[in-house]
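Descriptive analysis of the structure
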Amino acid sequence: GINQIIVNDLDPAAVQLAHDNIRLNQVDVSRIQPQQGDAISVLYSNRQEMQFDKKLNNQARRKQFDVIDLDPYGSASPFLDAAAQAISNGGMLCITCTDMAVLSGAHPE
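Some remarks on the overall build of the protein
Across its full length, the protein carries four helices and six strands. Element order for the protein, N to C, with α for helix and β for strand: β-α-β-α-β-β-β-α-β-α. The proportion of buried residues among the 109 residues of the protein is 21%. In the protein, the proportion of contacts linking residues at least 24 apart, taken out of those at least 6 apart, comes to 54%. Carbon and sulfur atoms make up 52% of the accessible area of the protein, which amounts to about 7900 Å² in all.

In structure tokens:
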């Protein structure tokens, strides 16, 4: 089953909407965590890397994601390296670019 869902967005208004949707849909808040932050930083902070745990006297891995659903504003290319490093072995990486006007150059930023 699903242990945890992280909903991340750079826009604070989008994060507030995620909180509102959780409340309105009566979703179990212990399993979903809306947060405001840079997606690349979030992904890189969950990449597979070995860390030494002094208390346990061993190496521990950070938890990678089993599923990443990436739908950025504009091109997904800036996020690809971080997403590839943050997805678990056998995980599912979903990438969509729904902002076609930006991608085609009709409304460049």
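The rest of the description comes next.
Observations regarding a nonpolar patch on the surface
Together, Ile2, Ile5 and Val7 give the surface a local cluster of nonpolar side chains, amounting to about 230 Å² of exposed area. With respect to the element layout, Ile2 can be found in the segment before strand 1 (5-9). For Ile2, a relative accessible area of 52% gives the class exposed.

What about the nonpolar core?
Counting residues in hydrophobic clusters, the biggest one holds ten residues: Val42, Leu43, Phe65, Ile68, Leu70, Phe79, Ala82, Ala83, Ala86 and Ile87. The contacts of Ile87, once residues within four sequence positions are left out, are Gln64, Phe65, Asp66, Val67, Ile68, Met92 and Leu93.

Parameters and conventions
- Residues numbered from 1 in each chain as written.
- Predicted model: local features only at pLDDT ≥ 70, side-chain atom pairs only at ≥ 80, totals over all residues.
- Heavy atoms only, no water.
- Helix = DSSP H or I, 4+ residues; strand = E, 2+ residues; numbered from the N terminus.
- Buried < 20%, exposed > 50% of the residue type's maximum accessible area, 1.4 Å probe, protein only.
- Contact = heavy atoms within 4.5 Å.
- Areas by Shrake-Rupley, 256 points an atom, 1.4 Å probe, with all protein chains shown as cover.
- Patch = residues over 30% accessible without salt bridge, like charges linked within 9 Å, V, L, I, M, F, W, Y side chains within 5 Å.
- Salt bridge = Lys/Arg side-chain N within 4 Å of Asp/Glu carboxyl O.
- Core = buried A, V, L, I, M, F, W, Y, C linked by side-chain atoms within 4.5 Å.

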